[in-house]
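What follows is the residue order along each chain.
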Amino acid sequence: MTSSRDMPAPSTGDPLFAKIESVLRKGNYLKGDDRPLRRILDDDAAEVARLNMDLEAITSLMKRLYDEGRKGLGDPVRVDDIFEVSVREDRGILACPFRDHFPAPKAVVEAVNLKTGRTLRYTILAWHMIREHGFFQGKGSPFRIEPAGLKDFLD
Amino acid sequence: MNAFLIPALSIAGLTTVLAIIILIAERYLMDYGEVDLHVNDKTFHVKGGNTLLNTLKEQKVFIPSACGGRATCAYCKVKAVSGFSEVLPTEIPLLTKEEIEANVRLSCQIKVKNEAAIEIPEELFRIKEYRATYELMRDLTYDIRLFRFKLIEPAHIDYKAGQYIQFRSPEYGEVSEPVYRAYSMCSRCEDKDHIELMVRRVPEGIATTYLFDHLKVGEEVVFTGPFGDFYLRDTDRRVICVAGGSGMAPIRSIMMGMTSQEIEQRQPIFFFGARSRRDLFMVEEWREMERTNKGFTFVPALSSPEPDDDWTGETGRITDVISRHVRDFSQCEGYLCGSPGLLNACVEVLVSQGIPEERIYYDKFA
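Attention here is on the structure that accompanies the text. Please read all numbers here as calculations on a predicted model, not as lab measurements.

## A look at the overall build of chain B
Looking only at helices and strands, one finds eight helices and 17 strands in chain B. Evaluated residue by residue, chain B yields a buried proportion of 40% over its 366 residues. Sequence-distant contacts, at least 24 apart, represent 68% of the contacts inside chain B between residues at least 6 apart.

## Here we look at the overall build of chain A
Along chain A, the regular secondary structure elements total five helices and four strands. Secondary structure elements of chain A, listed N to C terminal, follow the sequence α-α-α-β-β-β-β-α-α. Relative to the 2.2 N^0.38 estimate, which gives 15 Å for 155 residues, the radius of gyration of chain A is 15 Å and therefore close to what a compact globule would have. Each principal axis of the C-alpha atoms in chain A carries an extent, and together these give about 45 × 35 × 30 Å.

## What about the interface of chain A and chain B?
Much of the literature gives interface size as the accessible area that the parts lose upon coming together. Across the contact, 27 residues belong to chain A and 38 residues belong to chain B. Each residue belonging to the side of chain A that touches chain B can be placed in one class, and the counts come to ten nonpolar, six polar and eleven charged.

## Focus on the nonpolar core
Judged by nonpolar contacts, the single largest core of 135 residues is most densely connected at Val 109 of chain A together with Leu 197, Cys 241, Val 242, Ile 251 and Phe 271 of chain B. Here this core gets seven residues from one element, more than from any other, and that element is helix α5 (residues 248-260) of chain B. Contact partners of Cys 241 of chain B, with chain neighbours within four places excluded, come to Ile 251, Pro 268, Phe 270, Phe 271 and Tyr 335 of chain B.

## Remarks on the pairing of strand β14 (residues 297-302) of chain B
Residue and element names in this part refer to chain B. Here six bridges tie strand β13 (residues 269-274) to β14, and the two strands are oriented parallel to one another. Bridging from a neighbouring strand, Phe 271 pairs with Val 299 of β14. Each parallel crossover has a hand, and the one from β13 via helix α6 (residues 283-292) to β14 is right-handed. Both β14 and strand β15 (residues 314-315) contribute to a ladder of two bridges, which runs parallel. Looking at the pairing, Ala 301 lines up with Glu 314 of β15.

## Structural notes on helix α2 (residues 37-50) of chain A
Residue and element names in this part refer to chain A. Across its 14 residues, α2 extends 20 Å between first and last C-alpha, which sits within 8% of the 20 Å expected from 1.5 Å per residue. Of the residues making up α2, those classed as buried are Leu 37, Ile 40 and Val 48. Looking straight down α2, one finds that the buried residues subtend no more than 65° of arc, so they occupy a single side. Facing away from the buried side of α2 by over 90 degrees, the exposed positions are Arg 39, Ala 46, Ala 49 and Arg 50. Positioned one or two residues after α2, Asn 52 has a phi angle of 55°, which is positive.

## Observations concerning the sheet that holds strand β4 (residues 119-123) of chain A
All names here are of chain A. Here we have four strands laid out as an open sheet, ordered β1-β2-β3-β4, and antiparallel in their pairing. On the outer flanks of this sheet lie β1 (77-79) and β4, each paired with one strand and no other. Within the sheet, the average angular offset between the axes of one strand and its neighbour, ignoring direction, is 30°. Bridge count between strand β2 (residues 83-95) and strand β3 (residues 103-113): eleven bridges; the pairing is antiparallel. By the bridge assignment, Phe 83 is partnered in β3 with Asn 113.

## Notes on the environment of Lys 113 of chain B
All names here are of chain B. Relative to the assigned elements, Lys 113 resides in the loop between β4 (104-106) and β5 (116-119). On the neighbour-count criterion, Lys 113 (16 C-beta atoms within 10 Å) is partly exposed. Considered as a pair, Lys 113 and Met 248 are 135 residues apart in the sequence and their alpha carbons are 44 Å apart. Those residues within four positions of Lys 113 in sequence are excluded, and the remaining contacts are Tyr 32, Gly 48 and Gly 49.

The rules behind the values
Residues numbered from 1 in each chain as written. Chains lettered and ligands numbered in written order. Predicted model: local features only at pLDDT ≥ 70, side-chain atom pairs only at ≥ 80, totals over all residues. Helix = DSSP H or I, 4+ residues; strand = E, 2+ residues; numbered from the N terminus. Buried ≥ 20, exposed ≤ 12 C-beta atoms within 10 Å, placed from the backbone. Contact = placed C-beta atoms within 7 Å. Rg over C-alpha atoms; globule rule 2.2 N^0.38 Å. Nonpolar A, V, L, I, M, F, W, Y, C, P; charged D, E, K, R; others polar. Core = buried A, V, L, I, M, F, W, Y, C linked by C-beta atoms within 7 Å. Pairing = 2+ DSSP bridges. Right-handed = clockwise from strand over helix to strand, strands pointing away. Expected span 1.5 Å × (residues − 1). Arc of directions from axis to C-beta. Axes fitted to C-alpha atoms, helices over the stretch in contact; angles between N-to-C directions.

Interpretation note: all reported values are geometric properties and have no functional meaning in isolation.
See the structure below:
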């Protein structure tokens, strides 16, 4: 999987930022959330900081769950005897709305923390947008991940 | 706090407004007039200013594209002969050094602003835009459906069994712009009036939600095609097909073609992987094909059969089942369709058994 970390993140004043916000709204990534994109990003960044979350480490683990889970070809796979992971893959790719050319495979990861019983469901595009853009999606988006929920799942 | 926030928000608001004005100005005020676009030995008089991909589409020349023009899939590469700008930063990650030297460009990124010339494979001229009527649907499993469409205009389609189309999912509900999705045809290619698609519902997927929940029988749809180089090669080698889920689609089309052409000597064998019985479908149809095509064998396998599945067939991952049924791989070809994970696993197995990678075929869009 390629990384877009060398791509500069668009800022609010960048013409690209308005375009990205428009694409996110059209694509339902901000569904049910009337806050401007900048506010959504800032609110979630503040929440991540408040919870003292290490997004680098967390998203690396999410990627590992995906990599291990997809070996099951749809069947659940145990990871570290802590997680049970199923990966559903469909053909095709999704373009990252942040226009960084990341070709996100159509994959949904469903993970269970066997110690706590908590579950986490995320797409690879959602994973990428959190990792590279700090974007957890709008409050009503079907693949919104609450930072606190993510932390709880992994704890 | 306010002393800082108000100027910051004002600047942000102002720049956003300016950005929108620039976008609108570029869209509506920049007039490049009519220009000549030479494609191979044809010349089109086109309106300048649009991307090459969209300009060609307006001329009914359809270049494959799976990402909606967002410089992600890299399927829309063409050879730019003259008349285009230098390679753009958005193209660089998707072009090799050799491609850049050979003037290969992403047609979704470069704009036609003046007279220009490109080269494309001749077969792309055969790709057309079709209108069709949604004729009927058949539930195959709890999340896979077969959709049948009758062509309106053009009224007939010529394609090779195994090829795919790009289906246009229009605006609906909160989806405010159309998207295109690639689906393999699962129909008999001799029936030129219809196409059939086998579609698995993608959770929250824009196009599959449209197909499953919004499209009504009798409504009109639009698609382009046929695309792809996944089709039966004209050799004498044994045919090994492997698929899972809706990946059965192109294999069905290929096998129906082999059966109607009475190609039995290639001893086709189809391994179909499913999790449990609820994921298995069309078994009777495949058994019927075994009776019609004496050389053909269908091997379904369940990786996690449920206790009440009463399953006596093969169990385990489909990649483990293959070598139980094929002894000599040296004169075989592989035809694969399924999730990227399945494809990777199958390629690994078939190569390890001695099939050269160039004799293993699957869709690029997978």
